[in-house]
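Here are the chains, one letter per residue:
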Amino acid sequence: MLKVTHDGVEWIDGDGGGPLGEIFCLTFLKGVDETEALSRLGGLPDTLRPRTLAEAGEASMSYEAGYAEFAFALDLGGWTVLIEPNGFQGSLQEPLTALSHGTEAVAVQRHDYADHAFRYAVDGTLVTAFEPTWPDHRWGSEPDRLLGQMRAVGLDLDAYDEDDEDGEDGEDDGYVPSAYVPALLLAGLITGAVPHPDALAEELPSAEIEPWFSPAPPQLSHAPTDHAVIAALQAAPPDVLRAVAARETMRLASVLGVDGTPGLAEAVAAAERGEPVTVPPGSELGTHVRSWLRRSRQAGGSLNDPFARSNLSDDERTAANMLGWFTSVLNAALWPDPHAAARAVLRPLTEGPSELRDSAAETAVLHALRGDA
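This section reports on the structure supplied with the text.

Definitions and cut-offs
Residues numbered from 1 in each chain as written. Predicted model: local features only at pLDDT ≥ 70, side-chain atom pairs only at ≥ 80, totals over all residues. Heavy atoms only, no water. Helix = DSSP H or I, 4+ residues; strand = E, 2+ residues; numbered from the N terminus. Rg over C-alpha atoms; globule rule 2.2 N^0.38 Å. Buried < 20%, exposed > 50% of the residue type's maximum accessible area, 1.4 Å probe, protein only. Pairing = 2+ DSSP bridges. Axes fitted to C-alpha atoms, helices over the stretch in contact; angles between N-to-C directions. Parallel < 35°, antiparallel > 145°, perpendicular 65-115°, else oblique. Left-handed = near helix turned anticlockwise from the far one by under 90°. Contact = heavy atoms within 4.5 Å. Nonpolar A, V, L, I, M, F, W, Y, C, P; charged D, E, K, R; others polar. Phe/Tyr/Trp six-rings, centres within 6.5 Å; stacked < 30°, edge-to-face > 60°. Salt bridge = Lys/Arg side-chain N within 4 Å of Asp/Glu carboxyl O. Core = buried A, V, L, I, M, F, W, Y, C linked by side-chain atoms within 4.5 Å. Lys, Arg positive; Asp, Glu negative; His and termini not counted. Polar contact = N/O pair within 3.5 Å; in protein donor to acceptor, adjacent residues only side chain to side chain. Expected span 1.5 Å × (residues − 1).

## Topic: the overall build of the protein
Point 1. In terms of helices and strands, the protein carries 12 helices and nine strands.
Point 2. Its C-alpha atoms give the protein a radius of gyration of 22 Å, near enough to 21 Å, the size a compact globule of 373 residues would have.
Point 3. For the C-alpha atoms alone, the extent of the protein along its principal axes is close to 65 × 50 × 40 Å.
Point 4. Counting across all 373 residues of the protein, residues that qualify as buried make up 49%.

Here's what the structure looks like:
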């Protein structure tokens, strides 16, 4: 009999006064040790060491620390749980499916200001996903695979009536309050173990995470919406897609004045040739990427930090935001799937900030994709 009970997961409930607060993500990986689990999430090797939640929390709110994001790992015996305070990477489809390659992964997210989440993936495929507050809406390759366990943990799949969405009191019939509690219990039924809150009070293996260096593909939502560009992308052969992605990446690098970055042109050229490209976080190019990402986080984070808002001028903040856009483009350009790469690379050209858009370049891209002479 599994040891996980409702009493063992209630500690995540309440008003956010618990060890993980109102926003966190717990991602369970089967048969993967703590160091490997952190690495799969994009843990930076030179930041791997034991920390407390409080120590990481202070760094995540610090301008000088670049508003770093951290993850912790805890061995549960057969499974390792990744703990992201104020984080959500494990609940996103692309990181989760990458985490699950060769094994199983289960993610539970509490986010009191957005959506909670439950995700279950096996060997690179999202099997079952749903928002625990509305458990009747599910998706994945087998959306009904966990129905028995869902009912066992108290997720009522029959409360929602599509013909009468509102109950007599005006509230949606299918709403499940504090739904992250049964969601964590469901994860416990799959894994056989959940973290105990006492363990979270101690130092745990941890690392600053940077998804750019994880094995996850570019996010599927990062793609242009212009119909002409979409049609041209769908019809273009792989070699053309790679060439267009490479040229657009280097055009943006030139616009931002980073085209001379050591290793950049070589990495993009190798990707254009269809060669696998890996940029280690400790390499020369990787070090520059980390600095661009850090600067971008500082630009965004300082807007909500009254003690750091004045650290950047408007021009400096704009320049830092442009570097954030460029790191997303570069990450996509180096991805081996030319269709996914080109889609993500071209998004700034058609929908990005004015500094990155260029009508002449967009016309040239369409001609190249269509094979116009």
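## What to know about the sheet that holds strand S2 (residues 49-51)
Point 1. If you walk across this open sheet you meet the nine strands as S2-S9-S3-S4-S1-S5-S6-S7-S8, and the pairing is antiparallel. The sheet is open, and its two borders are formed by S2 and strand S8 (138-139), each paired with just one other strand.
Point 2. Pairing analysis gives seven bridges linking strand S1 (residues 23-30) to strand S5 (residues 104-111), with the strands arranged antiparallel. Residue pairing for S5: leucine 26 is matched across the bridge by valine 108.

## A look at the packing of helix H7 (residues 238-256) against helix H12 (residues 359-370)
Point 1. Relative to each other, H7 and H12 sit at 165°, their axes nearing to 10 Å. As judged from the angle between their axes, H7 and H12 are roughly antiparallel. Here H7 runs over H12; the crossing is right-handed. Facing Val240, Leu241, Val244, Arg247, Glu248 and Arg251 of H7, the residues of H12 in contact are Ala361, Val365, Ala368 and Leu369.
Point 2. Here the residues of the contact of H7 with H12 sort into seven nonpolar, no polar and three charged.

## Description of the packing of aromatic side chains
Point 1. Tallied over the full model, the rule gives four aromatic pairs.
Point 2. Each ring, one from tryptophan 212 and one from phenylalanine 213, has its centre 4.9 Å from the other, and the planes form 65°; the classification is edge-to-face.

## Here we look at the pattern of salt bridges
Point 1. Summed over all chains, the structure comprises 11 salt bridges.
Point 2. The residue arginine 40 makes a salt bridge to glutamate 36 at a minimum N-O spacing of 3.0 Å. With arginine 40 and glutamate 36 both in helix H1 (residues 34-40) and four residues apart, the pair spans about one turn of that helix.
Point 3. Arginine 290 is the partner of aspartate 46 in a salt bridge, and the nearest nitrogen-oxygen pair spans 3.2 Å. One end of the pair, aspartate 46, is in the loop between H1 and S2; the other, arginine 290, is in helix H9 (residues 284-301), and 244 residues separate them in sequence.
Point 4. In the salt-bridge network here, residues are joined through shared partners; they are Glu208, Glu210 and Arg297.

## A short note on unusual backbone geometry
Of all residues except glycine, most have a negative phi; of all peptide bonds, most are trans.
Point 1. Phi angles above zero are rare outside glycine, and asparagine 86 is one such case at about 60°.
Point 2. With respect to the secondary-structure elements, asparagine 86 resides in the loop between strand S4 (79-85) and helix H3 (93-99).
Point 3. A positive phi angle, close to 45°, is found at aspartate 123, a residue other than glycine.
Point 4. Within the secondary structure, aspartate 123 is located in the loop between strand S6 (117-122) and strand S7 (125-130).
Point 5. The exposure class assigned to aspartate 123 is partly exposed, which follows from its relative accessible area of 47%.

## Structural notes on the nonpolar core
Point 1. Leu20, Leu26, Phe28, Ile83, Phe118, Met150 and Leu184 are the most contacted members of the largest nonpolar core, which has 44 residues in total.
Point 2. Broken down by element, the residue count for this core peaks at seven residues, all from helix H5 (residues 180-191).
Point 3. The contact partners of leucine 26, leaving out residues within four places of it in the chain, are Leu20, Val81, Leu82, Ile83, Val106, Ala107, Val108, Leu184 and Pro195.
Point 4. Core analysis: the second largest hydrophobic core is formed by 28 residues, Ala246, Ala253, Leu293 and Met322 among them.

## Topic: the side chain of glutamate 131
Point 1. Relative to the assigned elements, glutamate 131 resides in the loop between S7 and S8.
Point 2. It turns out glutamate 131 is buried and unbridged, and the closest side chain with the opposite charge, arginine 119, is 7.6 Å from it.
Point 3. From its side chain, glutamate 131 meets the backbone nitrogen of threonine 133 in a polar contact 2.6 Å long.
Point 4. Setting aside its immediate chain neighbours within four residues, glutamate 131 contacts Asp115, His116, His137 and Trp139.

## Some remarks on H9
Point 1. Between its terminal C-alpha atoms H9 stretches 26 Å, which fits the 26 Å expected from 18 residues at 1.5 Å a residue.
Point 2. Among the residues making up H9, those that are buried are Leu285, Gly286, Val289, Trp292, Leu293, Ser296, Arg297, Gln298 and Ala299.
Point 3. The elements touched by buried residues of H9 are strand S9 (204-208), helix H8 (264-272) and helix H10 (314-333).

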